[in-house]
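Here's the letter readout for the chains.
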6 protein chains.
Amino acid sequence: MALKKEQRIGRHATLLLLTDDHRELSQQTEQIGWKSCLGKVGSMESQKVVAAIEVAAKQQGVISQELYRETHALYHAIMEALHGITRGQMQLGSVMRTVGLRFAVVRGNPYEDEAEGEWIAVAIYGTIGAPVRGLEHETLGLGINHI
Amino acid sequence: MALKKEQRIGRHATLLLLTDDHRELSQQTEQIGWKSCLGKVGSMESQKVVAAIEVAAKQQGVISQELYRETHALYHAIMEALHGITRGQMQLGSVMRTVGLRFAVVRGNPYEDEAEGEWIAVAIYGTIGAPVRGLEHETLGLGINHI
Amino acid sequence: MALKKEQRIGRHATLLLLTDDHRELSQQTEQIGWKSCLGKVGSMESQKVVAAIEVAAKQQGVISQELYRETHALYHAIMEALHGITRGQMQLGSVMRTVGLRFAVVRGNPYEDEAEGEWIAVAIYGTIGAPVRGLEHETLGLGINHI
Amino acid sequence: MALKKEQRIGRHATLLLLTDDHRELSQQTEQIGWKSCLGKVGSMESQKVVAAIEVAAKQQGVISQELYRETHALYHAIMEALHGITRGQMQLGSVMRTVGLRFAVVRGNPYEDEAEGEWIAVAIYGTIGAPVRGLEHETLGLGINHI
Amino acid sequence: MALKKEQRIGRHATLLLLTDDHRELSQQTEQIGWKSCLGKVGSMESQKVVAAIEVAAKQQGVISQELYRETHALYHAIMEALHGITRGQMQLGSVMRTVGLRFAVVRGNPYEDEAEGEWIAVAIYGTIGAPVRGLEHETLGLGINHI
Amino acid sequence: MALKKEQRIGRHATLLLLTDDHRELSQQTEQIGWKSCLGKVGSMESQKVVAAIEVAAKQQGVISQELYRETHALYHAIMEALHGITRGQMQLGSVMRTVGLRFAVVRGNPYEDEAEGEWIAVAIYGTIGAPVRGLEHETLGLGINHI
Ligand SMILES: [Mg+2]
Ligand SMILES: [Mg+2]
Ligand SMILES: [Mg+2]
Ligand SMILES: [Mg+2]
Ligand SMILES: [Mg+2]
Ligand SMILES: [Mg+2]
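The following refers to the structure shown.

Cut-offs and rules
Residues numbered from 1 in each chain as written. Chains lettered and ligands numbered in written order. Predicted model: local features only at pLDDT ≥ 70, side-chain atom pairs only at ≥ 80, totals over all residues. Heavy atoms only, no water. Least-squares fit on C-alpha atoms with pLDDT ≥ 70 in both. Contact = heavy atoms within 4.5 Å. Donors = N, O, S within 2.8 Å, 3.2 Å for Na, K, Ca; no water. Helix = DSSP H or I, 4+ residues; strand = E, 2+ residues; numbered from the N terminus. Buried < 20%, exposed > 50% of the residue type's maximum accessible area, 1.4 Å probe, protein only. Pairing = 2+ DSSP bridges. Axes fitted to C-alpha atoms, helices over the stretch in contact; angles between N-to-C directions. Phe/Tyr/Trp six-rings, centres within 6.5 Å; stacked < 30°, edge-to-face > 60°. Polar contact = N/O pair within 3.5 Å; in protein donor to acceptor, adjacent residues only side chain to side chain. Patch = residues over 30% accessible without salt bridge, like charges linked within 9 Å, V, L, I, M, F, W, Y side chains within 5 Å. Areas by Shrake-Rupley, 256 points an atom, 1.4 Å probe, with all protein chains shown as cover. Salt bridge = Lys/Arg side-chain N within 4 Å of Asp/Glu carboxyl O. Lys, Arg positive; Asp, Glu negative; His and termini not counted. Charge placed at Lys NZ, Arg CZ, Asp CG, Glu CD.

## Looking at the relation of the copies chain B and chain A
In the superposition of chain B on chain A (RMSD 0.0 Å, axial shift 0.0 Å), the rotation amounts to 180°. These values place the two chain copies in the arrangement generated by a two-fold rotation axis. Minimal C-alpha distance to the rotation axis in chain B is attained by glycine 84 of chain B, lying at 1.8 Å. Comparing interface residues between copies, 100% of those in chain B also lie at the interface in chain A; the contact surface is shared.

## So, the coordination of the magnesium ion (ligand 6)
On the protein side, the magnesium ion (ligand 6) has His72 of chain A (NE2), His76 of chain A (NE2) and His137 of chain E (NE2) as donor atoms, found 2.2 Å from it. A residue pair is termed interchain when its members come from two chains, as with histidine 72 of chain A in helix H4 (residues 68-86) and histidine 137 of chain E in strand E4 (residues 136-146). Both residues of the pair, histidine 72 of chain A and histidine 137 of chain E, belong to the buried class.

## Brief notes about the environment of histidine 22 of chain B
Residues and elements named next belong to chain B. Relative to the helices and strands, histidine 22 resides in the loop between helix H1 (9-18) and helix H2 (23-31). Considering only alpha carbons, one finds histidine 22 and proline 110, 88 residues apart in sequence, at a separation of 20 Å. Non-local contacts of histidine 22, meaning those with residues more than four positions away in its chain, are made with Leu16 and Leu38.

## Looking at the sheet that holds strand E3 (residues 119-129) of chain C
All names here are of chain C. Spatial ordering of the open sheet is given by E1-E2-E3-E4, a layout of four strands whose pairing is antiparallel. Looking at the sheet topology across the chains shown, the edges are occupied by strand E1 (35-43) and strand E4 (136-146). Recorded for the sheet is a direction-independent mean angle of 15° between the axes of neighbouring strands. Pairing between strand E2 (residues 98-108) and E3: eleven bridges, direction antiparallel. Considered in E3, the bridge of valine 105 is made with valine 122. On the sheet, helix H4 (residues 68-86) packs against E2, E3 and E4 and is oriented at approximately 150° with respect to E4.

## Comments concerning the coordination of the magnesium ion (ligand 3)
Ligation of the magnesium ion (ligand 3) by protein atoms is provided by His137 of chain D (NE2), His72 of chain E (NE2) and His76 of chain E (NE2), these donors lying 2.2 to 2.3 Å from the ion. In this pair, histidine 137 of chain D is assigned in strand E4 (residues 136-146) and histidine 76 of chain E in helix H4 (residues 68-86), connecting two distinct chains. Comparing histidine 137 of chain D with histidine 76 of chain E shows no difference in burial state: the two are buried.

## Some points on the relation of the copies chain D and chain A
Once chain D is rotated about the relating axis by 120° and shifted along it by 0.0 Å, it coincides with chain A to within an RMSD of 0.0 Å. Such a combination of rotation and displacement between the chain copies is what one expects of a three-fold axis. Closest to the rotation axis within chain D is the C-alpha of glutamine 89 of chain D, separated from it by 4.4 Å.

## Some words on unusual backbone geometry
A negative phi holds for most residues other than glycine; trans holds for most peptide bonds. The phi angle at methionine 96 of chain D is positive, at roughly 60°, despite the residue not being glycine. Mapped onto the fold, methionine 96 of chain D is located in the loop between helix H4 (68-86) and strand E2 (98-108). Phi angles above zero are rare outside glycine, and arginine 87 of chain E is one such case at about 45°. Locating arginine 87 of chain E in the fold gives a position in the loop between H4 and strand E2 (98-108).

## Regarding the side chain of threonine 14 of chain C
Residue position: threonine 14 of chain C is located in helix H1 (residues 9-18). Other than its neighbours up to four places away in sequence, threonine 14 of chain C contacts Ala123, Leu140 and Leu142 of chain C together with Thr14, Leu18 and Leu140 of chain D.

## Some points on the packing of aromatic side chains
Inspection of every chain in the model, using the stated rule, returns 18 aromatic pairs over all chains. Look at tyrosine 111 of chain A and tyrosine 68 of chain F: their rings are 5.7 Å apart centre to centre, the planes differ by 70°, and that puts the pair in the edge-to-face class. Pair noted here: tyrosine 111 of chain A is in the loop between strand E2 (98-108) and strand E3 (119-129) and tyrosine 68 of chain F is in helix H4 (residues 68-86), and the two residues belong to different chains. Residue classification places tyrosine 68 of chain F among the buried residues on the basis of a relative accessible area of 3%. Chaining the aromatic ring pairs together yields one cluster made of Tyr68 of chain A together with Tyr111 and Trp119 of chain F.

## Observations regarding the environment of threonine 19 of chain B
With respect to the helices and strands, threonine 19 of chain B occurs in the loop between H1 and H2. Its relative accessible area of 24% is what places threonine 19 of chain B among the partly exposed residues. Contacts of threonine 19 of chain B, omitting those with residues within four sequence positions, involve Arg11 of chain A together with Leu25 of chain B. Within polar-contact distance, the side chain of threonine 19 of chain B engages the backbone oxygen of leucine 15 of chain B at 2.7 Å.

## Here we look at the arrangement of the chains
Looking at chain A next to chain C, you find no contact at all, with the nearest C-alpha pair sitting 7 Å apart. Across all C-alpha pairs, the smallest distance from chain B to chain E is 7 Å, and the two are not in contact.

## Focus on a negative patch on the surface
On the surface, a cluster of negative charge is made up of Glu6, Glu112, Asp113 and Glu114 of chain A. Tracing the sequence through the fold places aspartate 113 of chain A in the loop between E2 and E3.

Below is the structure:
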C-alpha cells in the first residue's frame, strides 16, 4: 500500500488533539521533518474558525505566507474538516449553535513514493451545541489535501 | 461543564480506532459500564457501510435488536459520521470512489448529570479514494446522538 | 397579500394526503378549475419516486405530455418536495433506507392577480426508515413551482 | 405495522397548522396525554426560526428546560423540518429570502409498542420568498425524532 | 433535438461574459428578439450577488417588475448558477471567502417548438478566494429556468 | 492582480467547449506550453462522467498516470465542476435524469508569480434532463485546483 502506516498525517493530527500528553507525538513529528501547529477557537461565526486555523498555520510556518497555492490547499482541507464538524450545513450561529474547538494542522509526506510529495491534514475536535454552557456534544472533523 | 472530561464517548470511540493497542481503552470502557463494538468494512456501496455498522452494533449488544428508537438513534449517528467520511456528497461508487474503513460504536453516559442518560458515538476511520490500490487518503468521521 | 388564502395549492395538496375523506377537497378543486392527482409509491430507489409522480401527473392530465416546460416545472417541484422527505441527502437505498409514500399534485392559480398564472404543488407524505417493516417514522415534503 | 395510525404525531402536528379550527385536534391531543405547542415567527434570520421554536417548546412545557438530551432531540427535529422549508441551503437572508411561518411541536408515543417511548414532531408551514410582500410561495417542513 | 443549436441561451449568456468583444453577440441577441443584461458585483455577502442580478434584470427590462412568477423563475436560475460558483455551500463571508463577479442574464426561446415558450439563463463568471487580492481563482456558474 | 488575464485556464477550458472552431484556442494553448484534452460522455450514471474525464486526462497526458497527487487534484476539480452540472445533488439516474456532456481539461500556470506553479481546470458543458430526447436544458460546470 502506498500510504505508509507510520506516516499517516491525518491519524497523527487527530491524536495530537485527543491525547493528553502530545510531547511524544510532537517529537516524532520533528524527527521525520514534518511541520505542525496546534490552536484553539470558540465562536458562533464559522469564518472565525476558518481564520483561526489559517492564521495559526501561517504564523507557525506550516504553510507559506507568500504562496496562494498553499493557502488554497489549506483552505480546502479546512472546508473538508468542517464537513465533519457541522455534518450537513456549514453554519454555526445562523442555525443557532456554537463551537468550542481545538485544531491541529500537520504537513508531511504520507506516501512511500517520495514523488507523491507533501500533503496537509487539518484535524478539529471539540464541542458543538446551543449557545448555553453544557448544552453541547463532541464533534470531530478531518480534512486532507495535497500541497 | 456538563460534559465529563473522562467520559467523552466520541473521543473514546475515536481513540479505539486510532491507537494500536486498545486493550487499555476497552478495559476502561467495561469498568464504567459502557458498551462498545469494533468492526471493519470496505466497499464502493455506501449502504454496505451503514449496514456493517448496524449489524455489528446489534449483534454485539450495543443497541437493542427489538427497539426502533435505538436503531433510529444509531442510524442518525452513522449518517453524521458519514458526513465526515464523505465531506459533501454521501456517495461512494456513484462518484467513483471506494472506502476501506474501521469503525467503533460506544454507548455510555458522557454527562455529569445522570438524568442526561445514555448517548451513542459512532467513529469511522480509514481510507477513501479511487478504486485503485494506493490512490487514496485518510478519512475520519464522528457522529453523536442521544439514545 | 397576493397569495389568496382560499387558494393555497400547497396546503390543499397536503390536506388531500392527510385527511381521511378527501371528497370535499376534491370537489372544491374541481369547482375552481384546478387539476390534481393522487398516487402512491414505495421503494428503496429514489428514481422510482420521481417517476411515479411524473407518470401520474401526465396520465391524469395535470401536466401536458407534450411540453418540456411543464415536465421541467413538475420535476423541480418534485425535487423540492424530496428535500423535505430526505432531509439532507436525496438518497434512499444508498443510505440504507426505504420509503412508503402517497403523493398529491395540484395545479392552480394561487395568487389574486390573474397574471401570476398557474403554479404547481407536489406534496408527499408517508414513512421512511430501515428496510424492515415498522422501523420507520413519518416524513413529509412540499414543492411549489410556477408552470 | 408498529406505527399506530391514530397516533401519527407528524400528521397531527401538520394538521394543527393547516386546519382553520384546531380545537378538535387539540382536545384529541390532551386525551391521549400528548404535549404540544403552537407559535409563529417571521424573519430573514434562520437562527430566529430555530430560537422561536425552542423557546415555545420549553416555555409551554413540551420539552424540559433542564435536560440537554431533550433540547438535542428537538434541535435535530427542527433542523429536519428546516430542510423542507429551505429545500437545499438552510439559509434565508444570506440568499435574499424571508419567511413568515407558523409551527407546531407535538410530543407523544406514535408506536404500538410502549417501549418505543416518546417521540417529537416539529411541523412548520408558511411562506418563503423575496423580502417584498406578496413575492412569496408556500413552504412546509416536518422533522421527527426520538426523545 | 428540441434544443436549437443556434438558440442555446446558456451558451450565449456564458459567451457574453467570456468574450472580450461581445458586440456581435449582443447584436445577434437583438435580432432574434431576446432580452439580455450584463452587470458586475463584488462582495463577501452572498445576498448582494443575488440582489445585484435581480436588480439588473428588472431595471434593464429582462423580467417584469410586476410579476412574481418572473422573479421566482429568475431567483431559482440565480440559485442554480450560485451552485456552480460556490460548489458545496452557498456561502461567502461565512466561510471566509469573497467574490468578484460579472453576470449575464438572457431571456429567449431555445426550443424548436414555439410552445416551449421563454426560458431564462443566468451565467456568472469571475474570481473567488480569500479576502486578500490575488489569493483567488476563477469560478463559473450557469442556471436555466422556464419563465 | 496575481491572476494573469491572458492565462485564465478556466475561461480557456470553457471557451474550448463553447466555440465552434477551437483551433485557434488550441494553438494558443500549445504556444504557452499548457496541456489540454477534450472529450465527451453521455450517461445516467454519474461515475461514468467522472471516469470519462479521468481516463481522457490520463491517456492524453494532461496528468500523470503514476502520481496519486495528480489524480487527487483532478478528482476534486471534477467534483467541483459537477456541482455546477448537478446544482444540488451530485446524482443523475437516481433522481431520474441523464446528461449529454462535452468536457475540457486544461493544465497550466495562471498566475504571474511562477512559484504558484501549475493548476488544473475542468470545464463541462452539455444538456441535462429527463431520459427522453429533447426533455433537457443546458448545464455548465467549472472546477479549478492546484496540481
Ligand atoms: Mg480528497
Ligand atoms: Mg447533535
Ligand atoms: Mg421557489
Ligand atoms: Mg430519522
Ligand atoms: Mg432544471
Ligand atoms: Mg478552490
